[in-house]
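Here is how the chains run, residue by residue.
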Amino acid sequence: MRAFFLVLSFLLMSGSLAVSEEQKLSVELNKLEADGNSCQAFLVLQNGTKDAYERFVLDLVMFDADGIIARRLAVDIAPLDAGKLAVKVFAVPEQTCDGIGRVLVNGVLGCEVGGAKRDNCLGLVATSSRAGVEFIN
């Protein structure tokens, strides 16, 4: 009987973990593309939360291949509708794409839902990369 409750507890916990993972804002660094002496960054966003964000500003830090900070940018990826897949493109001025070795989501400078500011939005962000550079938070 005890084994039954242990298995049941495990299954319930596993289900709740899956729900919390689904309630993330997935931010994928999909592609970096040269644009003269600058770089265009393409983000694929999947809002897995139940909230629509009018403002969601990421504090991004780009490191070069040697781990030296090359650039820091604030990028507003909103609006983000609940459950919506979106693509955002932003420029990294005066920075070549091959000069970017890693990108860090250093924090969330601001996020708003329904005109109200939210705290601790960094915990919602799940990063991944297909761009050939590490994208972390």
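Keep in mind that what you see is a predicted model, and the values were worked out from it rather than measured.

Moving on to the pairing of strand E6 (residues 102-113). Bridge count between strand E3 (residues 53-63) and E6: 10 bridges; the pairing is antiparallel. Along E6, the bridge assignment pairs Val57 with Gly110. Bridge count for E6 against strand E9 (residues 134-136) is 3 bridges, and the pairing is parallel. Across the sheet, Leu104 pairs through a bridge with Ile136, a residue of E9.

This part takes up the state of the cysteines. Tallying each qualifying case throughout the model produces 2 disulfides. In this model, Cys39 is linked to Cys97 through a disulfide, with the two sulfur atoms separated by 2.0 Å. Across the disulfide from Cys39 to Cys97, rotation about the S-S bond amounts to roughly 105 degrees, and the bridge is consequently right-handed. Taken as a pair, Cys39 in strand E2 (residues 38-47) and Cys97 in the loop between strand E5 (85-92) and E6 lie far apart in primary sequence, 58 residues in all. Residue Cys39 is classed as buried on the basis of its relative accessible area, which comes to 0%. A disulfide bridge connects Cys111 with Cys121, and the sulfur atoms are separated by 1.7 Å. Here Cys121 lies in the loop between strand E7 (116-117) and strand E8 (125-129) and Cys111 lies in strand E6, a separation of 10 residues in the sequence. Its relative accessible area of 6% is what places Cys121 among the buried residues. Counting only the cysteines that take part in disulfides, in the order they occur along the protein chain, gives the pairing 1-2, 3-4.

This part takes up the pairing of strand E4 (residues 69-76). Judged from the 7 bridges that link them, E3 and E4 form a sheet pairing that is antiparallel. The residue of E4 that forms the bridge with Asp59 is Ala74. What sits between the antiparallel neighbours E3 and E4 is a turn of 5 residues, in which Gly67 has the positive phi angle 85 degrees.

What follows concerns the packing of aromatic side chains. For the structure on display, the rule yields 1 aromatic pair. Pairing Tyr53 with Phe56 gives two aromatic rings, centres 5.2 Å apart and planes at 85 degrees, and the pair type is edge-to-face. A relative accessible area of 3% places Tyr53 in the buried class. In this structure, Lys31 is placed above the aromatic ring of Phe42, and the distance from its NZ or CZ to the ring centre is 4.6 Å. Geometry around Phe63 places Arg102 over its ring, the cationic atom sitting 4.6 Å from the centre.

The next subject is unusual backbone geometry. Each neighbour pair has its own omega, and for Ala78 with Pro79 the value is 5 degrees, a cis peptide bond. Along the polypeptide, Pro79 turns up in the loop between E4 and E5. Residue Glu94 is not a glycine yet carries a positive backbone phi of 50 degrees. Of note, Glu94 is situated in the loop between E5 and E6.

Mapped onto the elements of the fold, Thr49 is located in the loop between E2 and E3. When its relative accessible area of 10% is taken as the criterion, Thr49 is described as buried. Side-chain polar atoms of Thr49 contact the side chain of Asn47, separated by 2.6 Å.

Conventions used here
- Residues numbered from 1 in each chain as written.
- Predicted model: local features only at pLDDT ≥ 70, side-chain atom pairs only at ≥ 80, totals over all residues.
- Heavy atoms only, no water.
- Pairing = 2+ DSSP bridges.
- Helix = DSSP H or I, 4+ residues; strand = E, 2+ residues; numbered from the N terminus.
- Disulfide = S-S within 2.5 Å.
- Buried < 20%, exposed > 50% of the residue type's maximum accessible area, 1.4 Å probe, protein only.
- Phe/Tyr/Trp six-rings, centres within 6.5 Å; stacked < 30°, edge-to-face > 60°.
- Lys NZ or Arg CZ within 6 Å of the ring centre and 35° of its normal.
- Polar contact = N/O pair within 3.5 Å; in protein donor to acceptor, adjacent residues only side chain to side chain.

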